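Next come the chains, spelled out residue by residue.
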2 protein chains.
Amino acid sequence: MALIVQKFGGTSVGSIEKIKAVASRVLESHRAGNRMIVVLSAMSGETDRLIGMAHEMQHIPDPRELDALVSTGEQVTVSLFAMAVKAAGGDAVSLLGDQVAIHTDQMHTRARIDSIDAARIQHFLDQGKIVTVAGFQGVTDSGDITTLGRGGSDTTAVALAAALKADACEIFTDVEGVFTTDPGICDKARKIDFISYDEMLELASLGAKVLDIRAVSMAKRFKVPVHVRSTFTHTVGTWVVGEEKIMESMLVSGITYSKKEARITIKKVPDQPGIAAKIFLPISDAGILVDMIIQNAHDGGFTDMTFTVPKDDYARAMEILNKVAKELHAESVTGDQDIAKVSIVGVGMRNYAGIASTMFQIMSKEGINMMMVTTSEIKVSAVIAAKYTELAVRALHDAFALDKDNLPQEED
Amino acid sequence: MALIVQKFGGTSVGSIEKIKAVASRVLESHRAGNRMIVVLSAMSGETDRLIGMAHEMQHIPDPRELDALVSTGEQVTVSLFAMAVKAAGGDAVSLLGDQVAIHTDQMHTRARIDSIDAARIQHFLDQGKIVTVAGFQGVTDSGDITTLGRGGSDTTAVALAAALKADACEIFTDVEGVFTTDPGICDKARKIDFISYDEMLELASLGAKVLDIRAVSMAKRFKVPVHVRSTFTHTVGTWVVGEEKIMESMLVSGITYSKKEARITIKKVPDQPGIAAKIFLPISDAGILVDMIIQNAHDGGFTDMTFTVPKDDYARAMEILNKVAKELHAESVTGDQDIAKVSIVGVGMRNYAGIASTMFQIMSKEGINMMMVTTSEIKVSAVIAAKYTELAVRALHDAFALDKDNLPQEED
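A.B. asks: Honestly, the sheet that holds strand S17 (residues 332-336) of chain B in this entry has me stumped. Any pointers?
C.D. replies: All names here are of chain B. Across the sheet, 4 strands lie side by side as S15-S16-S14-S17; this open sheet has antiparallel pairing. Each having just a single partner strand, strand S15 (293-297) and S17 make up the two edges of the open sheet. Strand-to-strand twist across the sheet, computed as the mean angle between neighbouring axes with direction ignored, equals 15 degrees. On the sheet, helix H11 (residues 314-328) packs against strand S14 (261-270), strand S16 (302-310) and S17 and is oriented at approximately 0 degrees with respect to S14.

Next comes the structure, spelled out in structure tokens:
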């Protein structure tokens, strides 16, 4: 008898009828002999509605009160879901974050899970009940309600799977799984059957929205097998598992892109120790996350510094940089918002050289200039002009044969 | 420095703007130097909306899950209210039933309060915060959310006032206080300044909707002074207090009426011991509350039994009675839904005879037939044809001079 955690997002439980459909789907798994824990998000639109009310009430809503307010969204779905299961002839019980209890730190609106009591869930599972847990929420030691931040229900599901030693954590969503790239711009995009935690982490942080990055990193730590699949079909989706579980890794597993960043260059600053800190401290003090950084030294003791920031923070970052440039007597500050970051990800890269250079060749063949490049052990990212995004993604997808199994070839 | 509990109902907190208005009203009292506990209901319409969803989900919603669902209504208002107070420059903290904690029994949807922990509220009051508590909800020993039934927020407020030994419990509503009768049908109706717990209990159980009967009975037990007043004006409302606090009691304090009952007569049943049980047991087993009962013995060992039931249960009661009548060989079962119950209430009746007979004279003078009469120490109720309701109320209001102080006259 397997223990399975299933998580359904807001669109999957967006109406009375959809909650009923989820209930009968969960009952299927339960009647097949599985012990079931079901994590639910708020009905789609509800969290935004509640946050909207909060902002009407207070310019910057009090975080503790905001959490108490917003957590009602999941409370509504889990109690309705338990009713739906009972109406369909099953037995279910709903538990809120504090009823489980899911202990978190006190960082309201983006709390981290410290520990989970398994006892109460176990008790209800032993009674044969389907246990439905409100996603996204927890409780502090002093009994205050916390929330885990956007995407927090994924984290709840994986954390419960880890705490209860579940056999699998299934994340139901509106797509069929993780794809080699966005099917919206590349019709050869293919569903990936197995992907490693590390690859999924890179994909998630590079813009794939299918799974929350914190959930993936928790799944990796506790070795929770995660199954990303569709609410609306019974097709097998994508399994996110340890690398050792994947017989043969693809050279490149996925290609992602993001148009959410902007590029800033500060030109001809004195190339001396501590210069990077002088430039980036004021930016991080303003709460702006810098992603890629490239330093380009000139002759004569000067250097150019190029980096990317989220487009939403572009104006503020430019303002700060113009001040800094004056202090440092830099030549100029220039910026570009019409950029995209295209990345290739695959654990196969670890052992095979030449992936990056293949990528560069393809880009060059298509006449696409790469403005910045960064690499990690299992990914290569390039910043290009935004207008080439789709072209680059399709060309890379073809070149690395992501529409087929692209197993690494012996090098000699 | 007085400690005051203020309770605002659903219409008082029915929108963002109204919650802001309540917040500034509460802040006024706080800045005047009072320690404040504020009990709030759900925004008007919200509880019905949630119950509606539950019924779409399950024919008879699971009571535990229904409580978890419905309690979100108050959770939303208290957190929004705390934000509103903070936005207006004050300091507030919201507490849910389980956070206080308000311990109840396990009777979901109509739980009773067993005890209240004063410590956490006291802690926040000592910090100078306005403590806002979700009305209507509590928690069982096993951590399940319960609700106290309709009107439960009044009970929450009075219970908190009792537990924290508050100086007053103010119930804010959309009327100016308790009136001598319904101003809608009698333009001489007058706001009552002081009324005793016992009179208020009678008025509440006889149909006055201004205050929940359980709240009144709890206020009486713990001697909590209750102030019923309007959300929309600063006028002093009605104080509900112990009889000993009222210098001079009115002979008759109020006149109420109810059109929610129906009358049933079962004719010529054998007048033998146990006959009442045979008639009323099947009715109470069906969960139907019988109010007035009159037994009228005939010659020859027979008796008629007349009683009232809620109109909503009339059809079911008639069905049951027809069966019972057959078994008992009764002559017939007749019913009448076009009735009203008109009552006069006043502690002054205790010491002064002749109140009932004055009432009978007035009814007779107006040509109104009384079908049933019951009396208690401080009230007289009469069942009359529904069409005479307004006439009866106005005539009694005049006769007992409720538009003026009707202090008892010395009898000799």
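A.B. asks: In this structure, what is going on with the interface of chain B and chain A? I would like to understand it.
C.D. replies: Many structure descriptions define interface size as the accessible area lost when the parts assemble. Taken together, the contact between chain B and chain A spans 25 residues of the former and 25 residues of the latter. Secondary structure elements with two or more residues in the side of chain B that touches chain A: helix H2 (46-57), helix H3 (63-70) and helix H4 (72-87) of chain B. Among the elements that make up the side of chain B that touches chain A, the one with the highest residue count is H4 of chain B (10 residues).

A.B. asks: How do you make sense of the domain arrangement of chain A when you look at a structure like this?
C.D. replies: On domain assignment, one finds that chain A holds domain 1 (3-174) and domain 2 (245-412). Between domain 1 of chain A and domain 2 of chain A, the C-alpha centre-to-centre distance is 37 Å.

A.B. asks: Could you clarify how one ought to interpret H11 of chain B in this entry?
C.D. replies: An α-helical turn contains 3.6 residues, so a residue and the one three or four places further along point in the same direction. Residues and elements named next belong to chain B. The first and last C-alpha atoms of H11 sit 20 Å apart over 15 residues, in line with the 21 Å expected at 1.5 Å per residue. Taken together, the buried positions of H11 are occupied by Ala 317, Ile 320 and Leu 321. All buried residues of H11 fall inside an arc of 100 degrees around its axis, so they share one side. Across from the buried face of H11, at angles greater than 90 degrees, the exposed residues are Ala 315, Glu 319, Lys 323 and Lys 326. Contacts from the buried residues of H11 go to S14, helix H10 (275-285), S16 and S17. A positive phi of about 55 degrees marks His 329, the residue just after H11.

A.B. asks: Help me understand the relation of the copies chain B and chain A in this model?
C.D. replies: Structural alignment of chain B on chain A gives an RMSD of 0.2 Å, achieved by rotating through 179 degrees and translating 0.0 Å along the axis. On this basis, the relationship between the two copies can be described by a two-fold rotation axis. Taking the C-alpha atom as reference, chain B places Thr 72 of chain B closest to the rotation axis, 2.8 Å from it. The residues that chain B uses at the interface reappear at the interface of chain A in 100% of cases, marking a shared surface.

A.B. asks: Can you walk me through the environment of Ile 266 of chain A in this structure?
C.D. replies: All names here are of chain A. Within the secondary structure, Ile 266 sits in strand S14 (residues 261-270). We classify Ile 266 as buried; it has 23 C-beta atoms within 10 Å. Taking the C-alpha atoms as reference points, Ile 266 and Gly 335, 69 residues apart in sequence, are found 8.7 Å from one another. Ile 266 has contacts with Ile 279, Met 305, Leu 321, Ala 325, Ala 330 and Val 333, leaving out every residue within four places of it along the chain.

A.B. asks: What am I meant to see in the packing of helix H1 (residues 16-31) of chain A against helix H4 (residues 72-87) of chain A here?
C.D. replies: The angle between the axes and the distance between the axes are what describe a pair of packed helices. Residues and elements named next belong to chain A. Relative to each other, H1 and H4 sit at 60 degrees, their axes nearing to 9 Å. As judged from the angle between their axes, H1 and H4 are oblique. As for the relative orientation of H1 and H4, their crossing is right-handed in sense. In this structure, H1 uses Ile 19, Lys 20, Val 22, Ala 23, Val 26 and Leu 27 to contact H4, whose residues at the interface are Thr 77, Leu 80, Phe 81, Ala 84 and Val 85. Looking at the contact of H1 with H4, its residues break down into 9 nonpolar, 1 polar and 1 charged.

A.B. asks: Got a minute to help me understand unusual backbone geometry in this structure?
C.D. replies: Where the residue is not glycine, phi is negative for most of them; where a peptide bond is considered, it is trans in most cases. Residues and elements named next belong to chain A. Cis geometry is found at the peptide bond from Val 100 to Ala 101, where omega equals 0 degrees. As for its position among the elements, Ala 101 is in the loop between helix H5 (97-100) and strand S4 (102-104). In this structure, Thr 109 is a non-glycine residue whose phi angle is positive, near 70 degrees. The residue Thr 109 is located in the loop between S4 and strand S5 (113-116) in this model. Judged by C-beta crowding, with 17 C-beta atoms within 10 Å, Thr 109 ranks as partly exposed. The backbone of Lys 268 sits at a positive phi, close to 55 degrees, despite the residue not being glycine. Within the fold, Lys 268 resides in strand S14.

A.B. asks: Honestly, the nonpolar core in this entry has me stumped. Any pointers?
C.D. replies: A general trend in soluble globular proteins is that nonpolar side chains are found buried together. Counting residues in hydrophobic clusters, the biggest one holds 242 residues, and the most contacted among them are Phe 81 and Val 158 of chain A together with Phe 81 and Val 158 of chain B. Those residues within four positions of Val 158 of chain B in sequence are excluded, and the remaining contacts are Cys 169, Ala 215, Met 218, Ala 219, Val 224 and Val 226 of chain B.

A.B. asks: What is the right way to read the confidence of the model for chain A from this model?
C.D. replies: Reading fine detail from the predicted coordinates is not recommended where pLDDT is low. When pLDDT is averaged along chain A, the result is 91, and 97% of the positions lie at 70 or above. Of the two predicted TM-score estimates for the complex, the pTM is 0.84 and the ipTM is 0.82.

Calculation notes
- Residues numbered from 1 in each chain as written.
- Chains lettered and ligands numbered in written order.
- Predicted model: local features only at pLDDT ≥ 70, side-chain atom pairs only at ≥ 80, totals over all residues.
- Pairing = 2+ DSSP bridges.
- Helix = DSSP H or I, 4+ residues; strand = E, 2+ residues; numbered from the N terminus.
- Axes fitted to C-alpha atoms, helices over the stretch in contact; angles between N-to-C directions.
- Contact = placed C-beta atoms within 7 Å.
- Domains from an automatic or database assignment.
- Expected span 1.5 Å × (residues − 1).
- Buried ≥ 20, exposed ≤ 12 C-beta atoms within 10 Å, placed from the backbone.
- Arc of directions from axis to C-beta.
- Least-squares fit on C-alpha atoms with pLDDT ≥ 70 in both.
- Parallel < 35°, antiparallel > 145°, perpendicular 65-115°, else oblique.
- Left-handed = near helix turned anticlockwise from the far one by under 90°.
- Nonpolar A, V, L, I, M, F, W, Y, C, P; charged D, E, K, R; others polar.
- Core = buried A, V, L, I, M, F, W, Y, C linked by C-beta atoms within 7 Å.
- pLDDT = per-residue confidence, 0-100.

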